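# Descriptive structure summary
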Amino acid sequence: ANEMVGAAPRSRCLWTCIFVANALLCVSGALQRPTPKFAFDNSDNPIAVPLVLNIFMVGFDGEGAHNFKLAADTLEQYLFETMPEHHPSCMETGERLHISFELWYNVVGVHSTYLDKVQTVLSKAMRNTGETTMVTDETRALKDGEIAKEVPVYEIEVDGVVHDDFQAIYDEHSKVQRYRSKDSEQGQAANTVSYGIFIMNPDKIKMAPSGVTNDEYVYRYRTVGAGASSAWVSKDRFGVLDLSAGPSQFGHLDTGEGTVTSRTYPSVQKYLGREGDFLAHLSNNVASAVRRLFAPDIRFDALDFSEKVLVPIMVLRNHRRFDPLESGHPYSIDIKRINATLHELALPGQEIEVVWGVHALSDHERIAMAVARSAKSDTVHEARDGKFRVKAKHYIDSTMLLSEMAAASDYLSSGLLGASPVHSKTFFPDQIDTSGTRVLPVYVFSLIEDGETLLFDRDSLYASSSKAVMVIQSNVDDVDTPFFADEHMVETSAMDATSRIIAGLAEAVGGVVPPQAFYSQLTHRQSLDYQWSIGFHPFGPFSNGTQLPKLLVDLNLRNSIMSRCDAALSKVQDALLLLHHFSEAYLIDPFGAQIDNKGPPQSRIVEYLYKQQGNQAALPLAVVNRLHDELGNLHLMFEQAAEVLYYLDLVKAHTVSDRVFRKASAFHKYVLEELDTAERGLYCCGMEHTAVARTNWNIILRCAIGGLFACALVLLTLGYTPADPSHLARRFSSRGSRQKLSVN
């Protein structure tokens, strides 16, 4: 009873102290007018855009290879825990964007009836290549006692029936909308566009081609190009990863970075009984698809506000054997295909015009000299038979060629390059003139040489920048490249320039990054990953298609939206930084706030300006109020842009991003004008720094809280009632008697 009497006052005092402390914290927080966090750091506080990724698991219900089972919920939870978000970068600057993606995974187990249909289609599409490959224990689990085995290789041509079958499954399962907002539940149109990955586990025994009675064979997928793989990119908005296919190996000869090997994709057979290891490996492949396909980096730090894009295709040739602009021969450039692709890449309301012409390179001496100056050579010295032999590899430095052409006094080079405006946000004025035409020249160098065909930068037949696209064409159908695919060196045809023109325009117009390229924040340079480099796209060397999948067309418009939002946030940050410098110069007391390094950070500069108001305030209260209100409006506009991006309503998101950028530009201009007015008003005054008497509210609050705890301690002391002394005496006397008995 005595203990319960002491507990009641103690509990009441603790709750009283907690209530008062919370009230004081709330009051101190109410004294500040918070500025939205989005405006300050593009690494810590980016704008988050939800991105839904559907993952269709086929053959993981016990009906696929090795009767393997994996619950969809298990993979989904693992993905949420390992990669909940992704923050892309700009490859031109190496900086992270202000926009990040919140990844919402929707893992679905596809019914086994679809597995049976896919296995039938794949079995019929297999074609024997006539080649064999060695399967080792490193690549696939073998029988006891086996070290390696030579098995036949089959290839599946995706274009046609195979792609159509996957397209039908994707169309049916992507209609389900798992993640919905309140607006969609109230009757607004739901998103009908989605992205997805098929993860396949077919049974090789059930779909073995004729003449093969077991799973002792290898099959790979081939699209358009020199490579065959277990993973490929479709014409639509999904990719496919077949865990039973392969192994396959391809990549760059000079660097091992990003090379696809037998260990790149997981084998179900090798991970039987090790579900955790299998999930870790598979999740890494999904993360690669997110970073390379669905939320990749952007190519250029560029904005295009022009109403019209003029694309002159200039063919410069050193021969008269063929005209690349004439149709009907292997060297023909498909102008219609290029024009159609440009209209797919055009922004809403933007006009596209394509013109073309053929010119003799000898008639343009300055351009011919630029090509000659940019030709470089790498030499390798080998010791043979007591002598050094020199082996040279010739190439064209694309950066140097573009620089030389921009400086050349020729209307086809400096004339066209000079007509194209600079699209860097660093040089954008506050008032953007959306009228005018962007000139994006395409130079096709049709060169017939006696020796080897020159490549741009040692490994490509095209090069692109924000100002121009350059392509090399020749009469060689088997140009050696520094790439390999399985047991062969990759050879590519330099006769058809159409796919290279389309690839360069996709980069220059929409900032699309090839699926194998990305910017590494760890190494601070461009890096490579070839896991998803094979598919229906024009980015070589393992794919040489002449069309862009819908996924990359979406990325083109989304990159424009992200660039505008990123530029808008940069303007807001720059304006706040100017306010911060102004406050350091005229408002912050150098003998107070700055002497103890407790001046207001940039993220709280607006609310700090409220505290500086008085009869001699440098910025009027009305100006500060407007700054804060406009920041709040920008915050709401950014949230709206993120919402429409989630629904993949890219046309509406483009309109919203345009308004956001104009609003941010107006905010930036307003800050510049008000600061200029304030500084001009202070020119007549002198700066005098004196110590200012100030009230330290932190000490007062600490003393108040300390006094409350002291009162609580007093109340605890008064409320405590000691036990009965006689009861304690009897307790000690009985204990003492027991001790005496034990001694005796």
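What counts, and at which threshold
Residues numbered from 1 in each chain as written. Predicted model: local features only at pLDDT ≥ 70, side-chain atom pairs only at ≥ 80, totals over all residues. Heavy atoms only, no water. Salt bridge = Lys/Arg side-chain N within 4 Å of Asp/Glu carboxyl O. Helix = DSSP H or I, 4+ residues; strand = E, 2+ residues; numbered from the N terminus. Buried < 20%, exposed > 50% of the residue type's maximum accessible area, 1.4 Å probe, protein only. Pairing = 2+ DSSP bridges. Contact = heavy atoms within 4.5 Å. Axes fitted to C-alpha atoms, helices over the stretch in contact; angles between N-to-C directions. pLDDT = per-residue confidence, 0-100. Phe/Tyr/Trp six-rings, centres within 6.5 Å; stacked < 30°, edge-to-face > 60°. Lys NZ or Arg CZ within 6 Å of the ring centre and 35° of its normal. Parallel < 35°, antiparallel > 145°, perpendicular 65-115°, else oblique. Left-handed = near helix turned anticlockwise from the far one by under 90°. Nonpolar A, V, L, I, M, F, W, Y, C, P; charged D, E, K, R; others polar.

### Let's talk about the pattern of salt bridges
Considering all chains together, one arrives at 18 salt bridges under this definition. Of the charged contacts, one joins Arg 222 and Glu 155 as a salt bridge, the two residues approaching to 2.8 Å between their closest N and O atoms. Placement of Arg 222 in strand S7 (residues 218-222) and of Glu 155 in strand S5 (residues 148-157) is noted, with a sequence separation of 67 residues between them. By relative accessible area, Arg 222 is classed as partly exposed at 21%.

### So, the sheet that holds strand S9 (residues 231-233)
Taken in spatial order, the six strands of this open sheet run S2-S3-S1-S6-S10-S9, and their pairing is mixed. In this open sheet, the two strands that pair with only one neighbour each are strand S2 (85-86) and S9. Both strand S6 (residues 195-200) and strand S10 (residues 238-242) contribute to a ladder of five bridges, which runs parallel. Bridge pairing links Ile 197 to Gly 239 in S10. On the sheet, helix H2 (residues 72-82) packs against strand S1 (47-58), strand S3 (99-109) and S6 and is oriented at approximately 170° with respect to S3. Of the strands in this sheet, S1 and S3 touch helix H14 (residues 621-646), which is tilted by about 15° from S1.

### Here we look at the sheet that holds strand S11 (residues 250-252)
Taken in spatial order, the three strands line up as S11-S20-S21 in an open sheet, and their pairing is antiparallel. A single partner strand is all that each edge strand has here, and the edge strands are S11 and strand S21 (488-492). Strand-to-strand twist in this sheet, taken as the mean axis angle between neighbours without regard to direction, amounts to 50°. Direction of pairing for strand S20 (residues 479-485) relative to S21: antiparallel, over a ladder of four bridges. Bridge pairing in S21 links Phe 484 to Met 489.

### As for the confidence of the model for the protein chain
For the protein chain, the mean per-residue pLDDT works out to 81, and 78% of the residues sit at or above 70. Scored below 50 in pLDDT, residues 422-435 makes 31 contacts in the model with residues more than four places away or belonging to other chains. Confidence drops under pLDDT 50 across residues 731-744; counting only partners more than four residues distant or on other chains, this segment forms zero contacts.

### Section: the packing of aromatic side chains
Following the criterion strictly, the structure yields 21 aromatic pairs and no others. When the ring of Phe 166 is compared with that of Trp 232, the centres are 5.6 Å apart and the planes differ by 85°; the resulting orientation is edge-to-face. Residue Phe 166 is located in helix H4 (residues 161-173), and its partner Trp 232 is located in strand S9; the two are separated by 66 residues in the primary sequence. Plain terms: the ring middles of Tyr 195 and Phe 294 are 5.9 Å apart, the flat faces sit at 40° to each other, and that makes the pair tilted. Of the two residues, Tyr 195 sits in strand S6 while Phe 294 sits in helix H6 (residues 275-294), which places them 99 residues apart along the sequence. The pair Tyr 195 / Phe 294 is uniform in exposure class, with both members buried. In this arrangement the basic side chain of Lys 204 is found over the ring face of Tyr 217, its NZ or CZ atom lying 4.8 Å from the centre. Lying over the aromatic face of Phe 536, Lys 235 brings its terminal NZ or CZ to 5.2 Å of the ring centre.

### Things to note about the pairing of S7
Counting buried positions over the five residues of S7 gives four, a clear majority of the element. Bridge count for S5 against S7 is five bridges, and the pairing is parallel. Following the sheet pairing, Glu 157 is matched in S7 by Arg 222. With two bridges joining them, S7 and strand S8 (residues 228-229) adopt antiparallel strand pairing. What sits directly across from Tyr 221, in S8, is Ser 229.

### A short note on the pairing of S1
Summarising burial for S1: 10 of the 12 residues are buried, a large majority. By the bridge criterion, 11 bridges tie S1 to S3 in an arrangement that is parallel. The residue bridging Leu 53 from the neighbouring strand is Tyr 105, located in S3.

### Observations concerning the packing of helix H8 (residues 365-374) against helix H9 (residues 398-407)
At a closest axis distance of 9 Å, the pairing of H8 and H9 adopts a crossing angle of 155°. What the angle tells us is that H8 and H9 run roughly antiparallel. Both H8 and H9 take part in a crossing whose hand is right-handed. Contacts between H8 and H9 pair Ile 367, Ala 370, Val 371, Arg 373 and Ser 374 from the former with Met 400, Leu 401, Glu 404 and Met 405 from the latter. Of the residues in the contact of H8 with H9, the class split is six nonpolar, one polar and two charged.

### As for unusual backbone geometry
Where the residue is not glycine, phi is negative for most of them; where a peptide bond is considered, it is trans in most cases. Gly 246 connects to Pro 247 through a cis peptide bond whose omega is 10°. By the secondary structure assignment, Pro 247 is in the loop between S10 and S11. Backbone torsion omega between Gly 540 and Pro 541 reads 10°, so that peptide bond is classified as cis. The topology assignment puts Pro 541 in the loop between strand S23 (525-528) and helix H12 (550-586). One non-glycine residue, His 66, lies in the positive phi region at around 60°. Of note, His 66 is situated in the loop between S1 and H2. His 66 sits in the partly exposed class, given a relative accessible area of 37%. In the Ramachandran plot, Asn 67 falls in the positive-phi region, its phi being about 50° despite a non-glycine side chain. Within the secondary structure layout, Asn 67 lies in the loop between S1 and H2. Using a relative accessible area of 59% as the deciding quantity, one classes Asn 67 as exposed.

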